[in-house]
Amino acid sequence: MSYQTDLIAKLKEIFQIDRADLDFGIYRILNSRSKEIGDYLQNRLPAKIQAAFSTSSQTQINSWLKELAEAEKAAADLGANPADLPKVKELKGKIAVAQKSGATGEAAVYNHLLTFFSRYYEEGDFISQRRYKGDTYAVPYSGEEVLLHWANKDQYYTKSGENFSNYRFKLSDGHEVFFRLTAADTAKDNRKDNNAARVFVLAQERVIEKEDDNGDIYEEAVYPVREISDTSGGKTLEICFEYIIVPEKHKQKDENNNTIAALKALISEDWQAVWQPAPTENKSNRTLLEKHLADYTAKNTADYFIHKDLGGFLRRELDFYIKNEVMDLDNIQDAPTFANIEGSLHQIQTLRAIAREIIDFLAQLEDFQKKLWLKKKFVAKSHWLITLNHIPADMLKTMFANAKQREAWKNLFAINDLPPPRWKSGFLCRIKPLSDG
């Protein structure tokens, strides 16, 4: 594969436009712009890089061609063979090199873009690892006696995964499918596993023990798939899952494929609506059940970072990368001609312009997620707990007339009677005996 192909594949991964099977949250926004992003990566980005080198090379070549014509004319006026003149040979050599250097410069830019963005992107997140050179890292230091630093210091940690919420969706025939989690093995103290992964798998048929609200133990049969009918005549297909620990090499996507293969043998013909097509651009044979299974497992295992200032961080790192790993002082000092230095500077200009354009796009997406994270949460419901001595006397009559309220007081405080009331300035100081009358 060429550097261009590798870079486009990496940027597709970073922009997450290869996740068309997910249609919730930020993925819905990315999917809505996937065609625009894909067109930029496949067409506009290569065209810009090619145009940058073509324009620069052609300008320089035209200048040399003009000098070459003048040199050949001068040689002809003197009766000499132009091909034998050192000046003519030098100009022809420069033109030949320049015509080939365009493709070399493009490949170098693609390679540097791939190297730069691959350094900071890891499994869906940009990690603030400031590279000094190679595998050596630099820590921002302002002269403090003690500096506390960690890799993701400039990021918000979003632990939205392992909520283990159940999932329900409706089919075209009006019936419903219900994903239920029956058992979950989670990491202790919210720590990440070493050399292990946790995935959702189809539950096995067995009997498990559960504890009710009163602390009593009872047995419950677990089936991977079963049909449930309610009192109104509606039907629900219940599919049970377990969240288990597996070797690190196991991926949720592979487990989903295994689950779908098992369900094809377990789901009866009455539920053929789950196999209705729900294709994507990358997977034309995807079914409705596969779509919702991917959504369910992705929603419940999300675990990611949101950078506080991704644009600023990547721009600083880009300048640092160019100064340390692209603009090599030894190459500048040992350059045979100034034209070589000009070529290197033009390569740096093109690299910086294209990289900053990609960074601006990435920063827009990250800043949007940051706004969602910092957005003030709406209060859906609130309750107030107020002691009776703060309640006006005219409202107490309504309260005491409420049989459910009196019963709640009896159950909560295990009392049948309260001390007689004492009134002061229209407020209750002590409560009258609580009775059903």
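Everything numeric here is computed off the predicted structure, so don't read it as measured data. (Residues numbered from 1 in each chain as written. Predicted model: local features only at pLDDT ≥ 70, side-chain atom pairs only at ≥ 80, totals over all residues. Heavy atoms only, no water.)

For the chain, the helix and strand inventory stands at 11 helices and 15 strands. Sequence-distant contacts in the chain: of pairs separated by 6 or more residues, those separated by 24 or more amount to 67%. Approximately 27300 Å² of the chain is accessible, and the part contributed by carbon and sulfur atoms is 51%. (Helix = DSSP H or I, 4+ residues; strand = E, 2+ residues; numbered from the N terminus. Contact = heavy atoms within 4.5 Å. Areas by Shrake-Rupley, 256 points an atom, 1.4 Å probe, with all protein chains shown as cover.)

Enumeration according to the criterion identifies 12 aromatic pairs in this entry. On the numbers, 5.1 Å between centres and 75 degrees between planes, the contact of F116 with F117 is edge-to-face. The same class applies to F116 and to F117, which are both buried. Each member of the aromatic cluster is reached from another via a ring pair, and the members are Y167, F169, F179, F200, F241, Y243 and Y296. (Phe/Tyr/Trp six-rings, centres within 6.5 Å; stacked < 30°, edge-to-face > 60°. Buried < 20%, exposed > 50% of the residue type's maximum accessible area, 1.4 Å probe, protein only.)

Enumeration over the complete set of coordinates arrives at 13 salt bridges. The closest approach of N and O atoms between K283 and E290, which form a salt bridge, is 2.9 Å. Note on K283: relative accessible area 33%, which makes it partly exposed. By relative accessible area, which is 16% here, E290 ends up buried. Put simply, R180, E220, R226 and E238 are held in one network by salt bridges that share partners. (Salt bridge = Lys/Arg side-chain N within 4 Å of Asp/Glu carboxyl O.)

The next subject is the environment of V201. The residue V201 is located in strand β8 (residues 196-202) in this model. Taking relative accessible area as the criterion, V201 reaches 12% and is therefore assigned buried. Sequence separation of V201 and I244 is 43 residues, and the distance between their C-alpha atoms is 7.4 Å. Apart from residues lying up to four places away in sequence, V201 is in contact with C240, F241, E242, I244 and E255.

Now for helix α11 (residues 403-413). Note: α-helices contain 3.6 residues per turn, so residues at a spacing of three or four share the same orientation. The complete set of buried residues in α11 reads R406, W409 and K410. Projected down its long axis, α11 carries its buried residues within an arc of 95 degrees, all on one side. Exposed residues lying more than 90 degrees from the buried face of α11 are K404, N411 and L412. You can read the cap of α11 off the contacts: a side-chain oxygen lies 3.0 Å from the backbone nitrogen of K404, and it is on N402. (Arc of directions from axis to C-beta. Polar contact = N/O pair within 3.5 Å; in protein donor to acceptor, adjacent residues only side chain to side chain.)

Mapping K10 onto the fold places it in helix α1 (residues 3-15). Here K10 falls in the buried class, since its relative accessible area comes to 18%. With sequence-adjacent residues up to four places away left out, K10 is seen in contact with L114 and S118.

Among the nonpolar cores identified, the biggest contains 36 residues, and L11, F15, L113, F117, L314 and L362 are the most heavily contacted of them. For this core, the elements supplying multiple residues, two or more each, are α1, α3 (34-77), α4 (86-120), α7 (310-326) and α9 (338-374). Per-element tally for this core: the top contributor is α9, with 9 residues. Look past the residues within four positions of L113 in its chain and what remains in contact with it is L7, I49, L351, I354 and A355. Of all hydrophobic cores here, the second largest spans 24 residues; its members include L237, Y243, L263 and L293. (Core = buried A, V, L, I, M, F, W, Y, C linked by side-chain atoms within 4.5 Å.)

On to the environment of K170, then. Along the chain, K170 falls in strand β6 (residues 167-170). Residues K170 and A273, spaced 103 residues apart in sequence, show a C-alpha to C-alpha distance of 10.0 Å. Apart from residues lying up to four places away in sequence, K170 is in contact with H175 and E176.

One rule of thumb: low pLDDT means the predicted coordinates there are not for detailed reading. On average, residues of the chain score 76 in pLDDT, and 73% of them are at 70 or above. pLDDT under 50 marks residues 430-437. Its contacts with residues more than four places away, or in other chains, come to 30 contacts. (pLDDT = per-residue confidence, 0-100.)

As a packed pair, helix α5 (residues 252-266) and helix α6 (residues 288-299) sit with axes 11 Å apart at the nearest point and diverge in direction by 140 degrees. The angle between α5 and α6 places the two elements in the oblique class. Between α5 and α6 the crossing geometry is right-handed. Counting all contacts with α5, which are made through Q252, N256, T259, I260 and L263, the residues of α6 involved are L289, E290, L293, A294 and T297. (Axes fitted to C-alpha atoms, helices over the stretch in contact; angles between N-to-C directions. Parallel < 35°, antiparallel > 145°, perpendicular 65-115°, else oblique. Left-handed = near helix turned anticlockwise from the far one by under 90°.)

Bringing the side chain of Q252 into the picture now. With respect to the helices, strands and loops of the structure, Q252 is situated in helix α5. Setting aside chain neighbours within four positions, we find Q252 in contact with V199, F200 and T297.

Structurally, W271 can be placed in the loop between α5 and α6. As a C-alpha pair, W271 and L237 span 34 residues in sequence and 8.0 Å in three-dimensional space. Beyond its immediate chain neighbours, meaning those up to four positions away, W271 contacts L171, H175, E176, E227, K235, T236 and L237.

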